[in-house]
Amino acid sequence: MSNRANTNIVVCDDFDAASRHVASRIANAIATTPKIVLGLATGSTPVGTYRELVHLHHEGKLSFANVTTFNLDEYIGLGPEHPQSFRSFMQQQLFDHVNVDARRTHVPNGLADNPATEGKIYEDSIVAAGGIDLQLLGIGSNGHIAFNEPGSPRDSRTRAVDLTPSTVEANSRFFDSIDDVPKLAITMGIGTIMEAKQIILMACGQGKAEAVARSIEGSVDESIPASHLQLHGDVTYVLDIQAASKLSAIDTIVNRDV
Ligand code: F6R
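The following refers to the structure shown. (Residues numbered from 1 in each chain as written. Predicted model: local features only at pLDDT ≥ 70, side-chain atom pairs only at ≥ 80, totals over all residues. Heavy atoms only, no water.)

**Re the overall build of the chain**
Link 1 in the chain: Tallying secondary structure elements over the chain gives eight helices and ten strands in all.
Link 2 in the chain: Relative to the compact-globule value of 18 Å for 258 residues, the chain shows a C-alpha radius of gyration of 17 Å, a close match.
Link 3 in the chain: Its C-alpha atoms give the chain principal-axis dimensions of roughly 50 × 45 × 35 Å.
Link 4 in the chain: Looking at the 258 residues of the chain, the share that counts as buried comes to 54%.
Link 5 in the chain: Just so you have it, the chain exposes about 11,100 Å², and 50% of that area is on carbon and sulfur atoms. (Helix = DSSP H or I, 4+ residues; strand = E, 2+ residues; numbered from the N terminus. Rg over C-alpha atoms; globule rule 2.2 N^0.38 Å. Buried < 20%, exposed > 50% of the residue type's maximum accessible area, 1.4 Å probe, protein only. Areas by Shrake-Rupley, 256 points an atom, 1.4 Å probe, with all protein chains shown as cover.)

Structure, rendered in structure tokens:
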């Protein structure tokens with residue numbers, strides 16, 4: 001049985017409107033709590049959100065001076081300078097354009113000799129920072145969150161994981177060839193994510209509609225990792241119309257807030 005009543009859903013007209021909406025939620029959270037600890041995602045979904053945050057910063061409306069960040073994941077085998085690493089992505093999309101203190105930005109070390117030790121170090125750093133206040137998530141078309149692929153346990157922590165062939169295929173668009181896509185990653189676990197005080201999951205496009213509907217309206221099941229979020233008390237899905245299109249009774253829950 002689904003716990004849909006626990007889930008806030010905001011449906012926006014399109015990707016740009018959803019990006020503005022998520023950015024304004026993050027900006028408000030930073031304004032309220034300047035020393036906020038943010039959990040951040042990579043991929044296509046947050047690109048517009050980061051663009052908006054950079055814009056707000058350049059307008060003098062947003063300071064990252066006291067913000068701490070923890071990214072969800074990193075490819076194993078790619079160093080921070082590698083153009084396809086998630087560290088590079090974050091530098092290009094956000095960190096290089098705002099006044100965040102580099103020492104307070106964290107991305108798992110994809111070159112760690114021992115990923116299990118790196119996972120423990122990462123978890124300890126999150127705890128030392130006071131825990132994640134606001135976690136931004138995307139979702140895979142297979143329902144993954146971070147790189148917690150179907151079958152990931154609810155109590156999983158930051159660890160090394162194998163990527164599924166569908167995730168490797170989806171992410172190959174960022175690489176010259178699918179053979180260049182790493183098959184392993186280090187990722188925060190579902191248990192790690194569930195400890196964030198507040199979660200925003202953003203999803204856009206028809207390709208996410210099935211995963212979104214099953215996550216919100218299906219039963220809580222390891223086959224759809226995002227369905228675990230039904231058991232978190234403060235989750236907001238920010239969707240475009242296409243990503244919301246397979247939700248039942250959409251008319252009754254549309255909160256057209258752009
Ligand atoms: C990224 C991440 C992934 C993506 C997901 C969606 O840090 O952890 O779970 O959020 O694969 O990717 P996009 O946004 O590219 O569709």
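Read on, since the account is not over.
**Examining the packing of aromatic side chains**
Note on aromatic pairs: each is described by the distance of the centres and the angle between the planes.
Link 1 in the chain: A full pass over the atoms with the stated rule returns five aromatic pairs.
Link 2 in the chain: With centroids separated by 5.7 Å and ring planes inclined at 80°, the aromatic side chains of Phe70 and Tyr122 adopt a geometry described as edge-to-face. Taken together, the residues Phe70 in strand β3 (residues 68-71) and Tyr122 in helix α4 (residues 115-128) connect sequence positions 52 residues apart. The exposure classification of Phe70 matches that of Tyr122, with both residues buried. (Phe/Tyr/Trp six-rings, centres within 6.5 Å; stacked < 30°, edge-to-face > 60°.)

**Observations regarding the sheet that holds strand β7 (residues 159-162)**
Link 1 in the chain: Taken in spatial order, the three strands make up an open sheet running β4-β8-β7, and their pairing is antiparallel. Across the chains shown, the open sheet's two edge strands, defined by having one partner strand only, are β4 (73-75) and β7. Strand after strand, the sheet turns through a mean of 30° between neighbouring axes, direction not considered.
Link 2 in the chain: By the bridge criterion, four bridges tie β7 to strand β8 (residues 184-187) in an arrangement that is antiparallel. Following the sheet pairing, Val161 is matched in β8 by Ala185. (Pairing = 2+ DSSP bridges. Axes fitted to C-alpha atoms, helices over the stretch in contact; angles between N-to-C directions.)

**What to know about the packing of helix α2 (residues 47-58) against helix α3 (residues 86-93)**
Link 1 in the chain: Running from N to C, α2 and α3 cross one another at 40°; their axes reach a closest spacing of 10 Å. It follows from the interaxial angle that α2 and α3 lie oblique. In contact with Val47, Tyr50 and Val54 of α2, α3 contributes Phe89, Met90 and Gln93.
Link 2 in the chain: Residues belonging to the contact of α2 with α3 are distributed by class as follows: five nonpolar, one polar and no charged. (Parallel < 35°, antiparallel > 145°, perpendicular 65-115°, else oblique. Contact = heavy atoms within 4.5 Å. Nonpolar A, V, L, I, M, F, W, Y, C, P; charged D, E, K, R; others polar.)

**Digging into the site of the ligand**
Link 1 in the chain: With respect to spatial proximity, 14 residues lie near the ligand, and among them Thr45, Asp73, His144, Arg173 and Lys208 are the closest.
Link 2 in the chain: A distance of 2.8 Å separates an oxygen atom of the ligand from a polar atom in the side chain of Thr42.
Link 3 in the chain: For the ligand, whose accessible area on its own is 410 Å², the fraction buried by protein is 91%.
Link 4 in the chain: Of the pockets mapped on this structure, the ligand occupies the largest pocket.
Link 5 in the chain: In terms of residue class, the shell around the ligand is made up of four nonpolar, seven polar and three charged. (Near = heavy atom within 4 Å. Polar contact = N/O pair within 3.5 Å; in protein donor to acceptor, adjacent residues only side chain to side chain. 1 Å grid on protein atoms, 1.4 Å probe; cavity = no way out; pocket = protein on both sides within 12 Å on 5 of 7 lines; lining within 4 Å. Sits in = over half its atoms within 2 Å of the grid points.)

**Let's talk about the environment of Ala146**
Link 1 in the chain: Examined against the element boundaries, Ala146 turns out to sit in the loop between β6 (134-137) and β7.
Link 2 in the chain: In this structure, the C-alpha to C-alpha distance between Ala146 and Glu74, residues 72 residues apart in sequence, is 9.5 Å.
Link 3 in the chain: Beyond its immediate stretch of four places on either side in the chain, Ala146 contacts Leu72, Asp73, Thr187, Met188 and Ile193.

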